[in-house]
Amino acid sequence: MKTIRKCKFCGKEFVARNGMQRFCCEECQTMAEKARKKRQQDFMNAVEPVIDLQCQEYLTFSKAALLMGCSRQYVYKLVNEGKLAASRISNRMAFIRKADIEKMLAGNPYHRVLPTSRQKKSVAPTTKKGKATTNSVENRQAEEVLDYISGEEVMETYKVRKSWLYASAKRHQVPVCRISGRNYYSRKHMDKLFGVGADVESVKEWITSKEAEELYAMSAASVRSYAYRHHIPTKREYGQTYYSKNHFDELRRNDLAADDSYYTAREAAEKYGLSTANVAVIVKKNDVATVKVGVRNLIPKTDFDRVMEERLARYGSYSIA
């Protein structure tokens, strides 16, 4: 069966050769890789002045404003209101400790962080003279800051509105850093919040949460938990949640639930005057193959009727001795 997907770069439909192919041609793949590297480089250029402040414990008001992604006047306001501690050493000079900035941000309910304040505690490789290599430190810093994704990229990738992005990040305490007037969000947290557990390009038919409730006779909470437990592909677009209809159909099997050739445990129990527990024991002892549909096990009528007739002929009744 041919798998038709949309190219991640140009948007054209193409026949995928394998499950990993995301682009229609090598040219699109090359252009997409260049665009990704350009976004990374633009971000590194924006965050480089902040990284340079990493080893400085005491900052001027201007450098503190650069580190926090705000204006110098706002830093003065924070100090004046007592929200940020500052030390004056003369009439014209005052310093702010980076630790005090981190302490202030840690107490903010909107989990805003500094991109240089969450480094992994690992020992940098050293040379024979005992000095840490510059390249290894720079690579670690690059990996750290690239763990953040701009708000524009989040909206473009997950099709969410700006207001939804801001409210969701605040509600779920997503780490965010502000650089040059732009917000950058933790990529790992964004993937967990808006991401999907499967390749959505392979899904052909989507249904909304409301449609799933009506089609499968489930509540809204049941739809969400069912999709989570069974790893059903899910995506969000413009504030609306969509689920893969094919995956729901395969699991719920509404066609079998309405088939007259199957019993439910309750139907079998009512027909033969047994409890549902007795039915389960008989099915297990006689190796009757059942079909699981949702949380129910459907029992083939012909197989179960045959077993019950054998029990009647052997024991003179249907009940378990």
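Below you will find a few notes about this structure. No experiment lies behind these values; they were computed from the predicted model shown. (Residues numbered from 1 in each chain as written. Predicted model: local features only at pLDDT ≥ 70, side-chain atom pairs only at ≥ 80, totals over all residues. Heavy atoms only, no water.)

**Examining the sheet that holds strand β9 (residues 206–208)**
Reasoning step 1: Reading across from one edge, β9-β11-β10 is the order of the three strands in this open sheet, with antiparallel pairing throughout. At either margin of the open sheet sits one strand with a lone partner, and together these are β9 and β10 (234–237). Here the strands of the sheet are splayed against their neighbours by 35° on average, with no regard to which way each runs.
Reasoning step 2: Pairing analysis gives four bridges linking β10 to strand β11 (residues 240–244), with the strands arranged antiparallel. (Pairing = 2+ DSSP bridges. Helix = DSSP H or I, 4+ residues; strand = E, 2+ residues; numbered from the N terminus. Axes fitted to C-alpha atoms, helices over the stretch in contact; angles between N-to-C directions.)

**Overview of the packing of helix α2 (residues 61–68) against helix α3 (residues 72–80)**
Helix packing geometry: the angle between the two helix axes and the distance between the axes.
Reasoning step 1: Where α2 meets α3, the closest approach of the two axes is 8 Å, and the angle between their N-to-C directions is 100°. Comparing the axis directions of α2 and α3 gives the class roughly perpendicular. Taking contact as the criterion, the partners of F61, S62, A64, A65 and M68 in α2 are, on α3, R72, V75, Y76, L78 and V79.
Reasoning step 2: Across the contact of α2 with α3, the residue classes tally to eight nonpolar, one polar and one charged. (Parallel < 35°, antiparallel > 145°, perpendicular 65-115°, else oblique. Contact = heavy atoms within 4.5 Å. Nonpolar A, V, L, I, M, F, W, Y, C, P; charged D, E, K, R; others polar.)

**Quick look at the nonpolar core**
Reasoning step 1: Residues A64, V75, L84, I96, I101 and M104 are the most contacted members of the largest nonpolar core, which totals 15 residues.
Reasoning step 2: Of all the secondary-structure elements, those providing two or more residues to this core are α2, α3, β5 (94–97) and α4 (98–106).
Reasoning step 3: The dominant element in this core, judged by the number of residues it contributes, is α2, at five residues.
Reasoning step 4: Beyond its immediate sequence surroundings of up to four residues, I96 is in contact with E57, Y58, L59, F61, A64, V75, V79, L84, A85, A86 and I101.
Reasoning step 5: Membership of the second largest hydrophobic core comes to 13 residues, among which are A268, I282, V307 and M308. (Core = buried A, V, L, I, M, F, W, Y, C linked by side-chain atoms within 4.5 Å. Buried < 20%, exposed > 50% of the residue type's maximum accessible area, 1.4 Å probe, protein only.)

**A word on the packing of aromatic side chains**
Reasoning step 1: Taken as a whole, this structure holds five aromatic pairs when the rule is applied.
Reasoning step 2: Aromatic pair Y263 and F304: ring centres 6.1 Å apart, planes at 75°, arrangement edge-to-face. Residue Y263 is found in strand β12 (residues 262–263), and its partner F304 is found in helix α15 (residues 301–315); the two are separated by 41 residues along the sequence. Grouping residues by exposure puts Y263 and F304 together as buried. (Phe/Tyr/Trp six-rings, centres within 6.5 Å; stacked < 30°, edge-to-face > 60°.)

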